[in-house]
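Each chain, written out:
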Amino acid sequence: MIAQSIQRSVERSFGTACFLAYFALLFFRHTAEMVGSYLPYAALAGVLFVAVFAGSAHQADQLDRLGPARLSALASILCAAGVFLLEALPTPLLFVFGGVLSLAGCAAFFLIYGKNLAFYNHQERICQLATAFVVGAAIVALTATLADTVAFLVTLFLPLFAALHLFTLKPNKDTFAFASLAETRKSHQFALSSLFTTALTGFVWGIAFCLLAVRSPAAEAAPLCFALPIAVGGLAFLVDLFTGKKLSESSLLRCFATVAFLAIAPLPFVPGWVQQLCGAFLFMTFSLDTLVCFSAMGEVARFNQISPYWVFGTSLAYYFSGAFVGFLGFGWAFSFGTQLPQLVACFLSLLLIVWCSNYVFQDSYPCSESIADMVEASRSLSMNESRPALWQRKIDRVIEQFELTTRQQEVFRMLVRGRNAQYIAEKFFISISTAKAHIHNIYRKLDVHSQQELINLVENVEMPTAPVPASDDQG
């Protein structure tokens, strides 16, 4: 059973692994230019890359009509053209143009694989992403051992392999009908805390990538130092999935600041090889957060049945904004070779991480009920379920009055039956955090703060009085 699951995950994630390896190798091959004399141009390419994601989110319907086959072909062409221009590097203008083409192709691949992830449930997505991390890290490590010309050819052909793999993927699309962009915007709104979490995860990964690529004492060692912690992080999640222990998103978020502090705080005071080890440590630990982050994007699209291109376009715009700020900011600070810029960069980063940990990562969903609330809710349900027809009409009345979406209706009906977040997560094959987020959104929409208040709202809803039929007796 486990062997079959691993085989399916490898088959589904091979293209993602090729694409992720291409993305990593692209950075390692041109890190010197990006943090050296071409730093302003690399920053411009990064801004345009983020703009592609933001623009794609607003063109979700057009991308859907284009189809994954044409989009993947376009992505592989853009990546190949970009690599050729980056290898030539005759002028800053060509560097920017090549970087933009490569990153635009990468953006297209991210969006395609993002939509593909939305067809699978939470566990399947995590398994595929973790497998892609392991296989992608193996490709990076093997490529790093090859001669430069051969490594260039491998980098050139990886997007082609990713595009070809997309043609072999056949997810079960029969049960899914994602909403249009207009319907998506009407029914769903991103929580600011979710976008901040996504951006900060990317920010720390950008720092880790910079520490490996820039601070490496030998350029050829950087890809190998990148591959090992990524593979370890992916394997940790696979072991966790197959042993059934299930890493908790909340526990990962709670240790976010601690892990970041341990790796970032000593950077200005240690030699380059220790800084590289700190980068590897960040990569290994934050690979878990990134896996959860990417899976959450697919879960939002799948559970709400809204446009995956809009979800991934918006989320990845924030993620890579943070990643480029972390990568380019630390690359600039460490390029001086003096301690003061490094101290400033590390202090500001830790300040931001601690602030976000206090105000963004808090698990503040109001769905943990006290024993007294649960007893009262159970008593109310027992009384009302003795009149099932009237109770059902009241539920329908609340749904109509507050204009709950289809998915919110399903969660709402579970809540008024006394179900908790754990049951809802298992019922819909979603994570506990996603279940809590939906409960939180329903509570906010109905202006209640507990399950008992929700039941009271339904219990006290006023039903329209049926008209009294006119009497036939005229005498």
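Please read these numbers as outputs of a predicted model, since none were measured by experiment.

Parameters and conventions
- Residues numbered from 1 in each chain as written.
- Predicted model: local features only at pLDDT ≥ 70, side-chain atom pairs only at ≥ 80, totals over all residues.
- Heavy atoms only, no water.
- Helix = DSSP H or I, 4+ residues; strand = E, 2+ residues; numbered from the N terminus.
- Buried < 20%, exposed > 50% of the residue type's maximum accessible area, 1.4 Å probe, protein only.
- Contact = heavy atoms within 4.5 Å.
- Areas by Shrake-Rupley, 256 points an atom, 1.4 Å probe, with all protein chains shown as cover.
- Polar contact = N/O pair within 3.5 Å; in protein donor to acceptor, adjacent residues only side chain to side chain.
- Patch = residues over 30% accessible without salt bridge, like charges linked within 9 Å, V, L, I, M, F, W, Y side chains within 5 Å.
- Salt bridge = Lys/Arg side-chain N within 4 Å of Asp/Glu carboxyl O.
- Axes fitted to C-alpha atoms, helices over the stretch in contact; angles between N-to-C directions.
- Parallel < 35°, antiparallel > 145°, perpendicular 65-115°, else oblique.
- Nonpolar A, V, L, I, M, F, W, Y, C, P; charged D, E, K, R; others polar.
- Left-handed = near helix turned anticlockwise from the far one by under 90°.

1. Re the overall build of the chain
Scanning the chain from terminus to terminus reveals 22 helices and 0 strands. Taken over 475 residues, the chain has a buried fraction of 52%. The long-range share in the chain, meaning contacts at least 24 apart out of those at least 6 apart in sequence, stands at 82%. Accessible surface for the chain amounts to roughly 22,100 Å². Of this, 64% is attributable to carbon and sulfur atoms.

2. Notes on the side chain of Thr 314
Summarising the element assignment, Thr 314 is placed in helix H15 (residues 308-335). Classification of Thr 314 by relative accessible area gives buried; the value is 16%. At 2.9 Å, the side chain of Thr 314 forms a polar contact with the backbone oxygen of Trp 310. Sequence-distant contacts of Thr 314, that is, excluding residues within four places in its chain, are made with Ala 57, Phe 190 and Leu 195.

3. Concerning a nonpolar patch on the surface
Taken together, the side chains of Phe 14, Leu 153, Phe 157, Leu 160, Phe 161, Leu 164 and Phe 167 present a nonpolar region at the surface, about 630 Å² in accessible area. In this structure, Leu 153 sits in helix H8 (residues 148-168). A residue is classified by how much of its surface remains accessible, and Leu 153, at 38% relative accessible area, is partly exposed.

4. A closer look at the environment of Asp 61
By secondary structure assignment, the location of Asp 61 is in helix H4 (residues 60-66). Classification of Asp 61 as partly exposed rests on a relative accessible area of 23%. Between the alpha carbons of Asp 61 and Tyr 309 there is a distance of 8.3 Å; along the sequence they are 248 residues apart. Apart from the residues lying within four places of it in its own chain, the contact partners of Asp 61 are Ser 180 and Leu 181. At 3.0 Å, the side chain of Asp 61 forms a polar contact with the backbone nitrogen of Leu 181.

5. Some details on the packing of helix H5 (residues 68-88) against H8
Remark: H5 packs on H8, axes separated minimally by 9 Å, with the N-to-C direction vectors making an angle of 175 degrees. Considering their axes alone, H5 and H8 lie roughly antiparallel with respect to each other. Mapping the contact onto sequence places Ala 69, Ser 72, Ser 76, Cys 79, Ala 80, Val 83, Phe 84 and Glu 87 in H5 and Phe 152, Leu 156, Pro 159, Leu 160, Ala 163, Leu 166 and Phe 167 in H8. Looking at the contact of H5 with H8 residue by residue, the class counts come to 12 nonpolar, 2 polar and 1 charged.

6. Some remarks on unusual backbone geometry
Positive phi is not limited to glycine here, since Gln 305 has a value of about 50 degrees. Looking at the element boundaries, Gln 305 is found in the loop between helix H14 (272-304) and H15. Backbone geometry at Glu 403 places phi at a positive 55 degrees, although glycine is not the residue there. Within the secondary structure, Glu 403 is located in the loop between helix H18 (388-402) and helix H19 (406-415).

7. Overview of the pattern of salt bridges
Note that side chains of opposite charge can pair when their charged atoms are close. Here the structure, examined in full by the defined rule, presents 7 salt bridges. Note that Lys 115 is salt-bridged to Asp 64, the shortest N-O span being 2.3 Å. Placement of the pair is Lys 115 in helix H6 (residues 92-117) and Asp 64 in helix H4, with a sequence separation of 51 residues. For Lys 115, a relative accessible area of 18% translates into the label buried. Judged by relative accessible area, which is 31%, Asp 64 ranks as partly exposed.

8. Considering the packing of helix H20 (residues 421-428) against helix H21 (residues 432-446)
Where H20 meets H21, the axes come as close as 8 Å, and the angle between the chain directions of the two elements is 115 degrees. As summarised for this structure, H20 and H21 are arranged roughly perpendicular, according to the angle between their axes. Relative to H21, H20 is oriented so that their crossing is right-handed. Contacts between H20 and H21 involve Ala 421, Gln 422, Ile 424 and Ala 425 on the former and, on the latter, Ile 432, Ala 435, Lys 436 and Ile 439.

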